[in-house]
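Observations on chain architecture
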Amino acid sequence: MTAFAPDNLPASVNTVEKLALWSLGILYQLHKNSRYQESEAAPLVPFVTAQDGLAADKSERIIFRASLPLSDTWREQSTKYWQEGQEISNTGIPPAFLP
């Protein structure tokens with residue numbers, strides 16, 4: 001997994017929404033070209049995608065779609081699903097995302 005320490009968070013990341021945008025932005029930068037197959041007959045799809053745009057109400061938006069691997073036994077575990085996350089790679093956080 002991409003290593004993370006609380007000190008890596010910029011001070012401006014102070015809400016859950018900003019945390020989600022920050023972490024999904026990192027995943028997008030690291031894995032936008034990584035692909036996997038969702039089902040046997042399906043084409044390869046990106047691990048994470050991002051698209052920005054203007055919503056119908058004229059608000060600016062970014063839409064992320066991320067597919068993150070979980071342990072094969074996560075459904076049987078008593079842990080929270082996020083504790084069963086599996087690594088995509090061990091690439092470091094890009095410097096642009098660090099304080």
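Scoring rules and cut-offs
- Residues numbered from 1 in each chain as written.
- Predicted model: local features only at pLDDT ≥ 70, side-chain atom pairs only at ≥ 80, totals over all residues.
- Heavy atoms only, no water.
- Pairing = 2+ DSSP bridges.
- Helix = DSSP H or I, 4+ residues; strand = E, 2+ residues; numbered from the N terminus.
- Contact = heavy atoms within 4.5 Å.
- Buried < 20%, exposed > 50% of the residue type's maximum accessible area, 1.4 Å probe, protein only.
- Polar contact = N/O pair within 3.5 Å; in protein donor to acceptor, adjacent residues only side chain to side chain.

When strand 3 (residues 48–54) meets strand 4 (residues 60–66), the two strands line up antiparallel, connected through seven bridges. Looking across to strand 4, one finds that Gln51 is bridged to Ile63. Linkage of strand 3 to strand 4, two consecutive antiparallel strands, is achieved through a turn of five residues, within which Lys58 is found at a positive phi near 75°.

With respect to the helices and strands, the residue His31 is situated in helix 1 (residues 16–31). For His31, the residues in contact, after removing those within four places along its chain, are Phe47, Val48, Ile88 and Ser89.

Inspection of the secondary structure assignment puts Ser71 in the segment after strand 4. You can call Ser71 buried: its relative accessible area is 11%. Among the polar contacts made by the side chain of Ser71, one reaches the main-chain amide nitrogen of Trp74 at a distance of 3.2 Å. If near-sequence neighbours (up to four positions away) are discounted, Ser71 is found in contact with Glu84 and Gln86.

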